[in-house]
Amino acid sequence: MSQERFKAEILPIREKLFHIAQRILVEEQEAEDAVQEVLLKLWRTRDSLDKYDSPAAFATTVTKNHCLDRLKVKNRQESLDNEYYENAGTDNPYLQLERKNTEEVLQKIIENLPPLQQAIIRMKDMEEYEVEEIAEITGTNVEAVRVNLSRARKKVREEYIKLTRV
């Protein structure tokens with residue numbers, strides 16, 4: 001793909017890519033960074049963009065996947081319900097330790113889910129996205145989101161019960 005064609009086909013959809021990134025990542029600055037990284041990645045691989053029927057559609061998919069990857073890394077670094085536990089106040093140290101252990105166990109279980117199920121369960125249960133929004137972000141249909149969410153929750157429940165039984 002030539003420089004002129006790249007400018008004509010990819011750069012005009014920058015705003016659309018930004019909106020996709022912002023819906024996934026929420027923070028404006030983080031979305032802007034993600035779009036910049038995607039555009040740089042596309043620029044570096046511009047010679048192979050000709051093999052796609054729609055380079056703009058490919059750019060959209062790359063943006064979505066890049067943002068989901070960033071979200072995955074970000075969520076690994078943060079605790080599952082950190083804000084909830086901080087607002088819970090001071091209580092029994094044993095309960096605090098139990099919460100921390102539960103959090104770690106759930107995080108490990110979620111990390112072992114397939115990537116799509118990880119993203120869906122995090123967006124729905126932690127970030128409180130609606131099913132329709134998740135479908136739009138992940139590029140799947142609403143029913144597929146519901147099925148994947150159900151399977152992910154079931155797997156988390158089964159694994160948690162298995163790991164916590166004494």
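Residues numbered from 1 in each chain as written. Predicted model: local features only at pLDDT ≥ 70, side-chain atom pairs only at ≥ 80, totals over all residues. Heavy atoms only, no water.

Caption draft 1: View of unusual backbone geometry. One non-glycine residue with positive phi stands out, namely V26, at about 70 degrees. Structurally, the position occupied by V26 is in the loop between α2 (14-25) and α3 (28-44). For E128, which is not a glycine, the phi torsion comes out positive at approximately 60 degrees. Among the structural elements, E128 can be located in the loop between α7 (115-126) and α8 (131-138). (Helix = DSSP H or I, 4+ residues; strand = E, 2+ residues; numbered from the N terminus.)

Caption draft 2: Region of interest: α2. The end-to-end C-alpha separation of α2 is 16 Å, in line with the 16 Å expected for 12 residues at 1.5 Å each. Taken together, the buried positions of α2 are occupied by L17, F18, I20, A21, I24 and L25. Looking straight down α2, one finds its buried side chains confined to an arc of 165 degrees; they lie on one side. Trailing α2 by a residue or two, V26 shows a phi angle of about 70 degrees, which is positive. (Expected span 1.5 Å × (residues − 1). Buried < 20%, exposed > 50% of the residue type's maximum accessible area, 1.4 Å probe, protein only. Arc of directions from axis to C-beta.)

Caption draft 3: Broad picture of the side chain of E30. On the secondary structure map, E30 appears in helix α3. The contacts of E30, once residues within four sequence positions are left out, are L25, R70 and K74. (Contact = heavy atoms within 4.5 Å.)

Caption draft 4: Focus on the packing of α2 against α3. α3 packs onto α2 with a crossing angle of 130 degrees between their chain directions and a minimal axis gap of 8 Å. As far as their axial angle goes, α3 and α2 are oblique. Here the hand of the crossing between α2 and α3 comes out right-handed. Here R14, L17, F18, A21, Q22 and L25 of α2 come into contact with α3, specifically with E28, E30, A31, E32, A34, V35, Q36 and L39. Along the lines of polarity and charge, the residues of the contact of α2 with α3 split into eight nonpolar, two polar and four charged. (Axes fitted to C-alpha atoms, helices over the stretch in contact; angles between N-to-C directions. Parallel < 35°, antiparallel > 145°, perpendicular 65-115°, else oblique. Left-handed = near helix turned anticlockwise from the far one by under 90°. Nonpolar A, V, L, I, M, F, W, Y, C, P; charged D, E, K, R; others polar.)

Caption draft 5: Region of interest: the nonpolar core. Counting residues in each nonpolar core, the largest one holds 38 residues, and the members touching the most others are I10, I24, L42, I121 and M123. Taken together, the elements giving at least two residues each to this core come down to α2, α3, α4 (55-77), α6 (93-111), α7, α8 and α9 (142-164). Ignoring anything within four residues of it in the chain, the contact list for M123 reads L68, L71, E128, Y129, I134, I137 and T138. (Core = buried A, V, L, I, M, F, W, Y, C linked by side-chain atoms within 4.5 Å.)

Caption draft 6: Summary view of α8. Within α8 the residues assigned to the buried category are V131, I134, A135, I137 and T138. With its buried residues spanning 165 degrees around the axis, α8 presents them on a single face.

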